[in-house]
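These are the residues of each chain, in order.
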Amino acid sequence: MARAGLTADRLVAAAAELADEAGFDNVTLSALARRFGVKDASLYSHIRNLQDLRTRLALLAGGEMIDEIAAAVAGRAGKDALAAFAGAYRAYALAHPGRYAATQIPLDQALVADSPALRRTAEITYGMLRAYGLDEPDLTDAVRLLRSTFHGYCALEAGGGFGAPRDVQRSWERAIEALHVALKNWPREEAAHD
């Protein structure tokens, strides 16, 4: 049987589609091989193992997501940039649930340092927060606040976890307003000096 024109990029793209259709946890080498009508062993010429595939998927999804966020925040600052960033984050998470789940897996820090998409994510996120006058260690704390808020909200929304009759979009907008106030009034911590 022909190898169906397999390449690492085609496999990762197919894994991304599979993740969105069936869930990130259902991305397996067997499921991917079935998509291409080949045996599992045919994949090993292009990817090392399942972890390699999932890491590549995480990098692909992270790159897609930051591209959308970057386009949304371009030319904006302060609350406008925060709202655009948050909106693009949420839109991606809800439109691509499997790919988004891939962005949440832990990655080897050496790989993170070598990834242009992940470096760009840090640059855009930290750049947006510097407009609030934040420096380290407050920048890291603020990034963690935003990420946990956005992720938690998106996970609850995607899972149908908001049962109250209040409009979910309006609650999102209020959450962004609250984050803006928190960032403007951030309790500064002095960087440790040697």
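Note that this is a predicted model, so its numbers are computed, not measured. (Residues numbered from 1 in each chain as written. Predicted model: local features only at pLDDT ≥ 70, side-chain atom pairs only at ≥ 80, totals over all residues. Heavy atoms only, no water.)

Enquirer: Before we move on, can you summarise the nonpolar core with the specific residues and values?
Expert: Grouped together as the largest cluster of nonpolar side chains are 34 residues, with contacts concentrated most on Ile69, Leu82, Leu129, Phe150 and Leu183. Contributing elements (two or more residues each) for this core: α3 (50–73), α4 (78–95), α7 (116–130), α8 (138–158) and α9 (168–184). Contacts of Leu183, omitting those with residues within four sequence positions, involve Leu82, Leu129, Tyr132, Leu134, Ala142, Leu146 and Arg188. In terms of nonpolar packing, the next biggest core, distinct from the first, is built from 24 residues, Phe24, Val27, Phe36 and Leu53 among them. (Core = buried A, V, L, I, M, F, W, Y, C linked by side-chain atoms within 4.5 Å. Buried < 20%, exposed > 50% of the residue type's maximum accessible area, 1.4 Å probe, protein only. Helix = DSSP H or I, 4+ residues; strand = E, 2+ residues; numbered from the N terminus. Contact = heavy atoms within 4.5 Å.)

Enquirer: Help me get a handle on a negative patch on the surface, residues and values and all.
Expert: Taken together, the side chains of Asp135, Glu136, Asp141, Glu189 and Glu190 make up a negatively charged region of the molecular surface. Relative to the helices and strands, Glu136 is located in the loop between α7 and α8. (Patch = residues over 30% accessible without salt bridge, like charges linked within 9 Å, V, L, I, M, F, W, Y side chains within 5 Å. Areas by Shrake-Rupley, 256 points an atom, 1.4 Å probe, with all protein chains shown as cover. Salt bridge = Lys/Arg side-chain N within 4 Å of Asp/Glu carboxyl O. Lys, Arg positive; Asp, Glu negative; His and termini not counted. Charge placed at Lys NZ, Arg CZ, Asp CG, Glu CD.)

Enquirer: Would you mind going over the layout of surface pockets in detail, with residue names and values included?
Expert: As a volume, the largest pocket reaches approximately 870 Å³. If you trace the largest pocket, you find 26 residues lining it, with Thr103, Leu118, Thr121, Val143 and Arg147 closest to the centre. At the level of elements, α3, α4, α6 (109–114), α7 and α8 are the ones that each hand at least two residues to the lining of the largest pocket. Here the lining of the largest pocket is built from residues that sort into 16 nonpolar, seven polar and three charged. (1 Å grid on protein atoms, 1.4 Å probe; cavity = no way out; pocket = protein on both sides within 12 Å on 5 of 7 lines; lining within 4 Å. Points joined across faces, edges and corners; volume = space filled by probe spheres on them. Nonpolar A, V, L, I, M, F, W, Y, C, P; charged D, E, K, R; others polar.)

Enquirer: With reference to specific residues and values, describe the pattern of salt bridges.
Expert: Counted under the stated rule, the structure contains 11 salt bridges. Note that Glu177 and Arg174 form a salt bridge whose closest N and O atoms lie 2.8 Å from each other. Placement of the pair is Glu177 and Arg174 together in helix α9, with a separation of three residues, close to one helical turn. Within the structure, one salt-bridge network assembled from shared partners comprises Arg170, Glu173, Arg174 and Glu177.

Enquirer: Would you mind going over α9 in detail, with residue names and values included?
Expert: Here α9 spans 24 Å end to end across 17 residues, near enough to the 24 Å set by a 1.5 Å rise per residue. Three or more residues of α9 are buried, namely Trp172, Ile176, Leu179, His180 and Leu183. The arc that holds the buried residues of α9, viewed along the axis, is 105°, so those residues lie on one side. On the buried face of α9, the contacting elements are α4, α7 and α8. (Expected span 1.5 Å × (residues − 1). Arc of directions from axis to C-beta.)

The values are spatial; any link to function lies outside them.
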